[in-house]
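Here is what each chain is made of, one letter per residue.
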Amino acid sequence: MKVAVLLVLTRVVLGDSSYLSGKHLVVGLQVSPVHLYAARNSSGYILKIDGVAVRTLNALSKRFNFTYSILQVNDTRLEKQNDALPGLAYYMEKGKCDLVLGVIVMTPGRFAVVDFAGGYTYTSVAIVIPMPKLLDNSYAVAKPFQVSVWIGLLLVTPITAVAIYFFLRPFNSASVSDTASINETQGGIIRRETTTQIGLAEAFFQIFGILFNQGGSFPAMRPALFFIVGSWCLSALVLGCAYNSLLISYILGSNYQALVVSPEDLAKNSKIQIAVNKGNGVDIVLSSAQDGMYKNLGDRLRANPKSRCETTQECINLVKFESYAYLHTMFVAIDIIEEDYKTTGECNLALARKTDPVPGSLAWALPKRSPYTKLLSQGFMELHEAGLIDEWIESEQKKRKNATLCMNEARKRQEIKASPDNQIQITLAHFSGAFYVLVGGYFISFVSFIRENVYFRVSRYFKRPNKNEIVEGPVDEGNNVPLP
């Protein structure tokens, strides 16, 4: 039924006409996935062509009453590659080619040598990246806050400790030192009276304990000190609640990290290298950009000789094994993921979640001042109004089921959320980072415990009185030390 409707639309919209009165056009081919395929024999002779562009050409040949044949050359690019491959623009200039099919990006440099029949189709610049990998949950403890928050804590904590210490200095100065004062002696028993004081290091550890919900203790308080400590306690409470909330959100959300999310993200992150096909439309656009995001990416291309690949497979190897981001049109990107899955049987590649529209439309190329340019643009518009080009593109893309599978898997990995319809079972693996910190704390505590015991026993040994020393007052006979 659907095919019958399309046939009716084709007859109505593309009815008989004598616009070109049976003229014969020689057509060059710029091969592109989805839109144009060419089957060649061993000598390079083109035997068969297919794709959305071929269906469009057949429809337009009926609409405008012309015939066509294929330009039998090995060139598949507009621009010159070498002496043996002068480029399809060369054949148009020499009058050997009337039209070049494909998905051709219109750039200022190309406008200077050819005309374009615009409006053929529209697409976006897609970014092919490695399939997002599961993050190591040991970083979960540090993940919730941004770097600026951690830096702020590292700065504010010692400042607060110093403020508390100086507000306590009058009390510390009035108190006695570590050597306690002797008040009185009764019955040979020495009584000592000590006054608690706090040093800078202890002040730091007290506020550190408050931040970790372990409480704190200060020997004396004044209104100003009440304000400082109270503010710190309130801030610690707010930070603790925010941290726990964000940590749970992180654990319940996606633990898969994509190499890059959008073209803007790629432009900002200079650590991620990019890859393009040398001489391709995307390469030309980036290399000729004068400002903005594309200028940034173009500078990165020029700075890295490996970024311009001679073949598509070379670019894909960079993506899979060296974590590059590969830029191309959406049609080509989807086809690359499809072919890689067929080769490896695994989803190794994905697309960044956000794309960037290609400025303007994709077009077909014609010689300068060609009489057919406006007619072809009109034909594209009529086909789009009938919905035929979009229908043909969708039909071709549906054949790439493996690419759809991989893109859905990548999207699922990056968008996992806890919901009534998508429950997540929480396991200890989700909290591995917290357990690593706990084990680290136990280890530090154990080392401190051993150190204190060793220090105590060594100090006690060296402080033991000589047997010949006269000790006044009661004596612990077991250890031969005076009782307090």
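The shown structure was predicted, so the numbers you read here are calculated from the model rather than taken from an experiment.

What counts as what
Residues numbered from 1 in each chain as written. Predicted model: local features only at pLDDT ≥ 70, side-chain atom pairs only at ≥ 80, totals over all residues. Heavy atoms only, no water. Axes fitted to C-alpha atoms, helices over the stretch in contact; angles between N-to-C directions. Helix = DSSP H or I, 4+ residues; strand = E, 2+ residues; numbered from the N terminus. Parallel < 35°, antiparallel > 145°, perpendicular 65-115°, else oblique. Left-handed = near helix turned anticlockwise from the far one by under 90°. Contact = heavy atoms within 4.5 Å. Nonpolar A, V, L, I, M, F, W, Y, C, P; charged D, E, K, R; others polar. Disulfide = S-S within 2.5 Å. Expected span 1.5 Å × (residues − 1). Buried < 20%, exposed > 50% of the residue type's maximum accessible area, 1.4 Å probe, protein only. Arc of directions from axis to C-beta. Core = buried A, V, L, I, M, F, W, Y, C linked by side-chain atoms within 4.5 Å. Pairing = 2+ DSSP bridges. Salt bridge = Lys/Arg side-chain N within 4 Å of Asp/Glu carboxyl O. Polar contact = N/O pair within 3.5 Å; in protein donor to acceptor, adjacent residues only side chain to side chain.

1. Examining the packing of helix H2 (residues 52-64) against helix H13 (residues 373-386)
Their axes nearest at 10 Å, the elements H2 and H13 cross at an angle of 110°. Comparing the axis directions of H2 and H13 gives the class roughly perpendicular. The hand of the H2/H13 crossing is right-handed. Counting all contacts with H2, which are made through Thr56, Ala59, Leu60, Arg63 and Phe64, the residues of H13 involved are Leu375, Leu376, Gln378, Gly379, Phe380, Glu382 and Leu383. Each residue belonging to the contact of H2 with H13 can be placed in one class, and the counts come to seven nonpolar, three polar and two charged.

2. Things to note about the state of the cysteines
In the structure shown here, the tally under the stated rule is two disulfides. Between the sulfur atoms of Cys309 and its disulfide partner Cys315 the distance amounts to 2.2 Å. When the S-S torsion is 115°, as for the bridge of Cys309 with Cys315, the disulfide is right-handed. There is a disulfide in this structure between Cys347 and Cys406, and the S-S distance comes to 2.1 Å. One disulfide, between Cys347 and Cys406, carries an S-S torsion of -85° and so falls in the left-handed class. Taken together, the positions of Cys347 in the loop between helix H12 (330-344) and strand E15 (349-351) and Cys406 in helix H15 (residues 401-414) put the pair 59 residues apart, joining distant regions of the chain. For the protein chain, the bonded cysteines pair up as 1-2, 3-4 when numbered in the order they occur along the sequence.

3. Some words on the packing of H12 against H15
At a minimum axis distance of 8 Å, the contact between H12 and H15 shows a crossing angle of 100°. Regarding the angle of H12 to H15, the classification is roughly perpendicular. Where H12 approaches H15, its residues Ile334, Ile337, Glu338, Tyr341 and Lys342 are matched on the opposing element by Lys401, Asn402, Ala403, Leu405, Cys406 and Met407. Residue classes in the contact of H12 with H15 are distributed as seven nonpolar, one polar and three charged.

4. Points about helix H10 (residues 292-303)
Taking 1.5 Å of rise per residue, the 12 residues of H10 would be expected to cover 16 Å, and the 17 Å separating its terminal C-alpha atoms lies within 8% of that figure. If you check which residues of H10 are buried, you get Tyr294, Leu297, Gly298, Arg300 and Leu301. All buried residues of H10 fall inside an arc of 160° around its axis, so they share one side. Turned more than 90 degrees away from the buried face of H10 sit Gly292 and Ala303, all of them exposed.

5. Describing the nonpolar core
Residues Leu266, Leu327 and Leu351 are the most contacted members of the largest nonpolar core, which totals 44 residues. By residue number, the principal contributor to this core is H12, which donates six residues. Setting aside chain neighbours within four positions, we find Leu351 in contact with Ala126, Ile127, Val128, Ile129, Met330, Ala333, Ile334, Ile337 and Met407. Counting 36 residues, the second largest nonpolar core, distinct from the first, contains Leu29, Ala53, Leu362 and Phe380.

6. Things to note about the environment of Ala203
For Ala203, the position within the fold is in helix H6 (residues 200-211). Taking relative accessible area as the criterion, Ala203 reaches 0% and is therefore assigned buried. As a C-alpha pair, Ala203 and Ser217 span 14 residues in sequence and 9.0 Å in three-dimensional space.

7. Side note on the sheet that holds strand E4 (residues 66-70)
Spatially, five strands are ordered E4-E1-E5-E17-E6 in an open sheet, and the strand pairing comes out mixed. Whereas interior strands pair on both sides, the edge strands pair on one side only; in this sheet they are E4 and strand E6 (114-121). Across the sheet, the axes of successive neighbouring strands diverge by a mean angle of 35°, strand direction being ignored. Pairing geometry for strand E5 (residues 99-105) and strand E17 (residues 362-367), over three bridges, is antiparallel. Along E17, the bridge assignment pairs Ile104 with Ala363. Against the sheet, H13 engages E5, E6 and E17, with an angle of about 5° to E6.

8. A few points about the pattern of salt bridges
When their charged atoms lie close together, side chains carrying opposite charge are able to pair. For the structure shown, the criterion picks out 16 salt bridges. For Arg110, the salt bridge identified is with Glu79, shortest N-O distance 2.7 Å. In this pair, Arg110 sits in helix H4 (residues 108-111) while Glu79 sits in the loop between E4 and helix H3 (88-93), placing the two residues 31 residues apart along the sequence. When its relative accessible area of 5% is taken as the criterion, Arg110 is described as buried. Two residues, Glu322 and Lys306, come together in a salt bridge whose shortest N-O distance is 2.8 Å. Residue Glu322 is located in helix H11 (residues 312-322), and its partner Lys306 is located in the loop between H10 and strand E13 (308-309); the two are separated by 16 residues in the primary sequence. The class for Lys306 is partly exposed, based on a relative accessible area of 38%.

9. A closer look at H11
Buried within H11 are the following residues: Cys315, Ile316, Leu318 and Val319. The arc enclosing the buried residues of H11, seen along the axis, measures out at 155°, which places them on a common side. Directly after H11, the chain includes Ser323, whose backbone phi takes a positive value near 55°.

10. Here's the deal with the side chain of Asp115
Here Asp115 shows up in strand E6. On the basis of relative accessible area, Asp115 is assigned to the buried category, the value being 16%. At 3.3 Å, the side chain of Asp115 and the side chain of Lys368 are in polar contact. Filtering out sequence-adjacent residues up to four positions away, Asp115 remains in contact with Trp364, Ala365, Leu366, Pro367, Lys368, Arg369, Ser370 and Thr373.

11. Quick look at the side chain of Ser307
Tracing the chain through its elements places Ser307 in the loop between H10 and E13. Ignoring any residue separated from it by four or fewer positions in sequence, one finds Ser307 in contact with Gln273, Ile274, Ala275, Val276, Arg300, Leu301 and Tyr324.

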